[in-house]
Amino acid sequence: MSGSFAELRIGHFHSGIDIKSSKGIIGDTIFSIQKGVISRLKIEPGGYGNSIYIDHPEGYTSVYAHLDSFNPKIDSIVKKHQYAQSQFTVDITAFNEPIKVNSGDYIALMGNSGKSFGPHLHFEVRETATDKLINPFLMGIKPTDNRSPTIKQIELKEYDSYNLPIESQLLSLENTTNSRAGKNYDLGAIQVNADNQYSLSLSLYDQMNGSSNKNGIYSIEWFENDTLLQEICLNDLEFEDSNGIYEIMDFQKKLKSNGVNYLFHLNRLHSFSFVKKRLNLFDNIANPSDKYKMIFSDFEGNQTSVNYQLVKLQSDSITLSPFLKPNFIITSKNQHIIRTKNFDILIPKQLNLPKQGIYIKEVNTIEDTLALILEPKDVSITNELTIRYKSESPRDHILNWVYTDDKGEKYVMATCPKNTVCQVTINKFRTVNLEVDSIAPSVSLIDHTLNSGELVKLKISDNYKPDNKNQYLDFDVFINNKWCLFNYDLKKDIIYSNVNNCFNKGNNTISVVVIDNAGNETCTDFKVIIK
């Protein structure tokens, strides 16, 4: 298994489990786990790629994603819809007659389609009525595991009153004991300033028998003396929980070293649906006799624990992280609307914002571009805020909400069609641009001469990258004036089809139309020879 349920991913909790290919290549046979009826077939360039949803009579739905191909019956249904709609991307939820499957029926082959970075099956279990995600381990779909979770590093992070990190300290893991229950790390006395906030950033993972993959953990119990303060148990998960992923994932660590660390706040509570118990964790830090313990467990009950004490540090001054001077003070118990010349920023209540203020400023950068600066940069927030563009007159053009990453790549977060309300939601502070896109996509043919059975490949790309799975380039391909189904490999920016599908021997004309999210269109023809 290469991915566990609810482990930390960029921007979300992992919604299922990932099962590796037996030989490291595509083609493993995928079977239905129980009898049921196929309720959805979805084909998309990113996201889950080729996927199957099966509703089962017990009230749950099983999901099979990143598939390479379907069994002949399912494939014929998919192809029929693709040709009827003249497009590669289809989402089929209505069927002429029920497609029934039995337990153990062959339904597909394992693949690498969509947003996948190696051959595997992404498998989910959901409650059919609510779409709540269920840990597949609860159904017995799990590997053998008698290995305790591993802690490679623990870092104490101190935050100023803006909730920005100002200092970090690696804690010694030398004081380690082993028992039948697993490893126990004693961190000793940790000195803290009561005026600031702290968290423990842990390089923490679990490994199954015979596997080198580093997976997430299953449960966390947090004790003060013998009192259970907080318990996290990953039996189920709501999709909305991912809005607060950076409450428990060290985003700064990811930015600096590409590491995935769990983040446990010493004086702030986690608010996820899977938190089973919450008490104040930081009431008596002046009492050095209080002993804290965190127990990390995998699904099989293998444990690793951490012990520590908190000692109040006497300090007359508070260090602050530098950032632009705050110009708004926000209270977490109320909703707020901040207005600039061209934007309204809607901030919901119960937002985890720096208590001493935030910085918001609108700036004009270049022609056809507005920018909104939100500081402190990269601070995550528990509830999404909404930015709305105030247009006083009807718009005859499409606008893109855009951000730029550290590598200078531009990503589209949302697109505003003409004469519609133009808004975007964000879950962390950053500089957001509102831009007019007037650059059409580019198209090129990779090979002009091919043999029977080979793939015709076209490279299609745009000046913006998609930030979510719905923002793909739209395209149509005609071979000798007849529409032809081309597959879309979003990872490589390539569309392709086997020459045996639509081509004739000898000379052929490929006519391609590619349209981006702003409606910019490229139309071009290519000549290809099939030997």
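Description of the structure in this document.

On to the packing of aromatic side chains. All told, the structure shown has 15 aromatic pairs when counted by the stated rule. Here Tyr262 and Phe264 contribute two aromatic rings whose centre-to-centre distance is 6.0 Å and whose plane-to-plane angle is 0 degrees, an arrangement assigned as stacked. A relative accessible area of 1% places Phe264 in the buried class. Taken together, the ring pairs in this structure connect Trp222, Tyr262, Phe264 and Phe296 into an aromatic cluster. In this arrangement the basic side chain of Arg40 is found over the ring face of Tyr53, its NZ or CZ atom lying 4.9 Å from the centre. Above the ring of Tyr403, the side-chain terminus of Arg430 is found at 3.8 Å from the ring centroid.

We now examine the sheet that holds strand β43 (residues 521-530). Ordered by their spatial adjacency, 5 strands build an open sheet running β35-β43-β42-β38-β39, and the pairing between neighbours is mixed. Only two strands of the sheet have a single partner each, and these edge strands are β35 (449-450) and β39 (482-483). Pairing geometry for strand β38 (residues 474-479) and strand β42 (residues 506-515), over 6 bridges, is antiparallel. From the neighbouring strand, Val477 faces β42, where its bridge partner is Val512.

This brings us to the sheet that holds strand β31 (residues 410-416). Sheet strands pair via backbone hydrogen bonds, and the direction of the pair is either parallel or antiparallel. With mixed pairing, 6 strands are arranged side by side in an open sheet as β27-β28-β33-β30-β31-β37. The open sheet terminates on both sides in strands that have one partner only, identified here as β27 (359-364) and β37 (465-466). Of the pairings in the sheet, the one linking β27 to strand β28 (residues 369-375) comprises 6 bridges and is antiparallel in character. Opposite Glu362, over in β28, you have Leu372 as the bridge partner.

With that out of the way, let us pick up the pairing of strand β18 (residues 219-224). Most of β18 is tucked away: 5 of the 6 residues are buried. Of the strand pairs in this sheet, β18 and strand β23 (residues 292-297) are connected by 6 bridges, and their pairing is antiparallel. Of the residues in β23, the one forming a bridge with Phe223 is Lys293. Hairpin geometry of β18 and strand β19 (residues 227-233) is characterised by an intervening segment of 2 residues between the two adjacent antiparallel strands and by a positive phi of about 55 degrees at Asn225.

The next subject is helix α1 (residues 72-85). Under the 1.5 Å per step criterion, the end-to-end length of α1 is 20 Å for 14 residues, consistent within 8% with the ideal 20 Å. When α1 is considered as a whole, its buried residues turn out to be Ile74, Ile77, Val78 and Gln82. End-on, the buried residues of α1 take up no more than an arc of 130 degrees, which puts them together on one face. Seen from the open side of α1, the exposed residues pointing more than 90 degrees away from its buried face are Pro72, Lys80 and Ala84. Looking at the buried residues of α1, the elements they touch are β5 (36-43), β6 (50-55), β7 (60-70), β8 (90-92), β10 (106-110) and β39. With its phi angle positive at about 50 degrees, Ser86 sits one or two positions after the end of α1.

In this section: the state of the cysteines. Following the criterion strictly, the structure yields 2 disulfides and no others. The residue that forms a disulfide with Cys416 is Cys422, at a sulfur-sulfur distance of 2.1 Å. One disulfide, between Cys416 and Cys422, carries an S-S torsion of 80 degrees and so falls in the right-handed class. When its relative accessible area of 2% is taken as the criterion, Cys422 is described as buried. In this model, Cys484 is linked to Cys502 through a disulfide, with the two sulfur atoms separated by 2.0 Å. Taking the sign of the torsion about the S-S bond as the criterion, the disulfide between Cys484 and Cys502, at about 85 degrees, is right-handed. Of this pair, Cys484 sits in the loop between β39 and β40 (487-489) while Cys502 sits in helix α3 (residues 499-502); the two residues are 18 residues apart in sequence, bridging distant segments of the chain.

Here we come to the environment of Asp462. Note on placement: Asp462 falls in the loop between β36 (455-461) and β37. With 11 residues separating them along the chain, Asp462 and Leu473 place their C-alpha atoms 8.0 Å apart. Discounting chain neighbours no more than four positions away, the residues touching Asp462 are Asp437, Ile439, Ala440, Pro441, Leu473 and Asp516.

What follows concerns the side chain of Ser4. With respect to the helices, strands and loops of the structure, Ser4 is situated in the segment before β1 (8-9). At 2.9 Å, the side chain of Ser4 and the backbone nitrogen of Gly216 are in polar contact. Excluding anything up to four places from it in sequence, Ser4 contacts His14, Gly16, Ile17, Asn215 and Gly216.

Tracing the backbone through its elements, the reader meets Ser497 in strand β41 (residues 494-498). Among the residues examined, Ser497 registers a relative accessible area of 2% and is labelled buried. Of the polar contacts made by the side chain of Ser497, one reaches the side chain of Asn501; its length is 3.2 Å. Sequence-distant contacts of Ser497, that is, excluding residues within four places in its chain, are made with Glu454, Leu455, Val456, Cys484, Leu485 and Phe486.

Here is what the cut-offs are and how they apply
Residues numbered from 1 in each chain as written. Predicted model: local features only at pLDDT ≥ 70, side-chain atom pairs only at ≥ 80, totals over all residues. Heavy atoms only, no water. Phe/Tyr/Trp six-rings, centres within 6.5 Å; stacked < 30°, edge-to-face > 60°. Buried < 20%, exposed > 50% of the residue type's maximum accessible area, 1.4 Å probe, protein only. Lys NZ or Arg CZ within 6 Å of the ring centre and 35° of its normal. Pairing = 2+ DSSP bridges. Helix = DSSP H or I, 4+ residues; strand = E, 2+ residues; numbered from the N terminus. Expected span 1.5 Å × (residues − 1). Arc of directions from axis to C-beta. Contact = heavy atoms within 4.5 Å. Disulfide = S-S within 2.5 Å. Polar contact = N/O pair within 3.5 Å; in protein donor to acceptor, adjacent residues only side chain to side chain.

Keep in mind these values describe shape, not function.
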